[in-house]
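# Observations on the three-dimensional arrangement
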Amino acid sequence: MLPRLIRAEASKLRGTPTSWWVFGAAFAVVAVSTGLSLVLGPVRTAEDQRSLVGFASVGGLVLLLLGVVAAAGEYRHRTIVPAILITPRRTTLVAAQAIVYAAAGAAVGLTSAALCMLITVVGVTLRGAHFVVPVEHIALVALGAVIYTALSAALGVGLGAVARNQVAAVAGVLVFLSLIDPAISALAPALGRFGPSALGIAFSDTGATNNGPFSQILPLWAAAVVYLAYTALFMVAGTSTSVRREIPTNTN
Amino acid sequence: MIACRSLTKTFGRHRAVDQLSFEACPGKVTGFLGRNGAGKTTTLRILLGLARPTYGSALIDGHAYADLRDPIGTVGAVLEASTFHPGRTAHAHLTVLALAAGIPLVRVVEVLRIVELTADADMRVGHYSLGMRQRLSLAAALLGKPRALILDEPANGLDPQGIRWLRTFLRARASEGSAVLLSSHMLSEVAELVDNVVIIDHGRLLHSGSVREMTAGGVRLEDAYFELTGSAPEAR
């Protein structure tokens, strides 16, 4: 049953215009962040250039929002009703959605990494410097971008399944990412390094010392473990609430 | 066979469905009648596994919906007029459902033809009229060639031609042996269509039997209904 649901979910993702807009937004965020830093910041040293290629992961949080929109959107658009009529086993429904969005996240992460490298190499060359970041580091950053973006999308699905109210869920995530997460990092860096933004920086493995309010950053492996734990936690919560919850009558 | 046995559903202190028992048999169209808020939709939602009974059972072919081996091949359901993403086309919506159910995609084209939506299959559902959305809901219900149909107010939003088409369609399904359970508060719409009626009020069964019995002696279904419910004829 799971393979069928994965095919259906993939078809849903492809057939929904919002998905393509969000993918475009993720690439735009990567391109603009990298481009602005290229134009405004230093590019000569290896550390400068590691910071630039580190922007490969910034699209991850956009995919987190896509996961939230997709899972909570099932309730907003009432598509949860035919989905459950076809598959009364709701655990499998949530799992299929998470798998498809994680796969889409991985693809977006890989493309973002390639885009970021391309912009960095071209920009550094145009500014008259040599690109000196070793290939092993580029591979590590690309891997980090793939894992972070994939986990972000799956985490978003879990969050959306728990929240159910699409507008409230998206607003909550935006407020947390733009205000609460940086504030926690600024006030309590030891705690803030476990927040999603600091974890994103850890995944990009820039080695940079100036990350704004995110002064403490976990090692890459630790960030991967923590983010995987978050994703698993919200997937379990999303699945559990989906199974327990009755589907109310549409009040629209 | 669709059957409820002592079905009860409470929301806090409110008893939406109260010890309700009835059957809808194969080969017959059963009208599930009652005023708005009588408990019809709650009963159908329990039958379809979207809500849990507080007490009693709601079974299709002897099984709770969640335990059906082939749910979409056993029963097709229309519950709400809009269960679609507005940005998807009708074809894309049905394709997703067919893929999820493991149904060959050629069936999508078939059901679109059955509900006469072929010409509008590539239009985004957000641009559909209420009547077109009802037809699309029906197309989704027919995807698995189900042996039974459960329809909640399926005539809502249909124009007179659409209502006539629906009547013909449901009669044909029943004559092929399907059990059709059709809820409505519009008596005039179902009077010419149903074989049997189940009438409820405040979640309780008022009457279950054939239309022929109810209308014996030339009594109109509407009049028999209002006599049973003791209510003013508001639901015409």
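Okay, so let's go over this structure. (Residues numbered from 1 in each chain as written. Chains lettered and ligands numbered in written order. Predicted model: local features only at pLDDT ≥ 70, side-chain atom pairs only at ≥ 80, totals over all residues. Heavy atoms only, no water.)

### Description of the overall build of chain B
Of regular secondary structure, chain B possesses nine helices and nine strands. Its C-alpha radius of gyration of 18 Å places chain B within 12% of the 18 Å reference for a compact globule of 236 residues. Dimensions of chain B, computed from C-alpha atoms along their principal axes, come out at roughly 50 × 35 × 35 Å. Partitioning the intrachain contacts of chain B with sequence separation of at least 6 by distance along the chain shows that 66% fall at a separation of at least 24. Computed over 26 positive and 23 negative side-chain charges, the separation of the two mean positions in chain B equals 4 Å. (Helix = DSSP H or I, 4+ residues; strand = E, 2+ residues; numbered from the N terminus. Rg over C-alpha atoms; globule rule 2.2 N^0.38 Å. Contact = heavy atoms within 4.5 Å. Lys, Arg positive; Asp, Glu negative; His and termini not counted. Charge placed at Lys NZ, Arg CZ, Asp CG, Glu CD.)

### Quick notes on the overall build of chain A
From N to C terminus, chain A includes 11 helices and zero strands. Secondary structure elements in chain A, listed N-terminal to C-terminal, are α-α-α-α-α-α-α-α-α-α-α. At 19 Å, chain A has a C-alpha radius of gyration in line with the 18 Å of a compact globule built from 252 residues. Counting every position in chain A, which comprises 252 residues, the buried fraction comes to 52%. Contacts in chain A between residues far apart in sequence, at least 24 positions, make up 81% of those at least 6 positions apart. (Buried < 20%, exposed > 50% of the residue type's maximum accessible area, 1.4 Å probe, protein only.)

### Brief notes about the interface of chain B and chain A
The partner chain A presents 28 residues to the 32 residues of chain B that form the contact. Summed over both sides, the interface between chain B and chain A buries roughly 2,600 Å², with carbon and sulfur atoms accounting for 59% of that surface. Linking chain B with chain A are one salt bridge. The partner of Glu 246 of chain A in a salt bridge is Lys 9 of chain B, and the shortest N-O contact between them spans 2.6 Å. (Buried area = accessible area lost by both parts, 1.4 Å probe. Salt bridge = Lys/Arg side-chain N within 4 Å of Asp/Glu carboxyl O.)

### Side note on the packing of aromatic side chains
Evaluated as defined, the whole model comprises eight aromatic pairs over all chains. The interplanar angle of 80° and the centroid separation of 5.2 Å between the aromatic rings of Tyr 225 of chain B and Phe 226 of chain B together place this pair among those described as edge-to-face. Judged by relative accessible area, Phe 226 of chain B falls into the buried class, the value being 9%. An aromatic cluster is present here, built from Tyr 148, Phe 203, Tyr 227 and Tyr 230 of chain A joined pairwise through their rings. Seen from the ring of Tyr 75 of chain A, Arg 245 of chain A lies directly overhead, with NZ or CZ sitting 5.3 Å from the centre. (Phe/Tyr/Trp six-rings, centres within 6.5 Å; stacked < 30°, edge-to-face > 60°. Lys NZ or Arg CZ within 6 Å of the ring centre and 35° of its normal.)

### What about the sheet that holds strand β9 (residues 204-210) of chain B?
Residues and elements named next belong to chain B. What the six strands build is an open sheet, ordered β5-β6-β7-β3-β8-β9; its pairing is mixed. Strands at the two margins of the open sheet, each flanked by one partner only, are β5 (75-78) and β9. Across the sheet, the mean angle from the axis of one strand to that of its neighbour is 15°, orientation sign disregarded. Sheet topology places strand β3 (residues 29-33) next to strand β7 (residues 179-184); five bridges connect them, and they run parallel. Looking across to β7, one finds that Val 29 is bridged to Val 180. (Pairing = 2+ DSSP bridges. Axes fitted to C-alpha atoms, helices over the stretch in contact; angles between N-to-C directions.)

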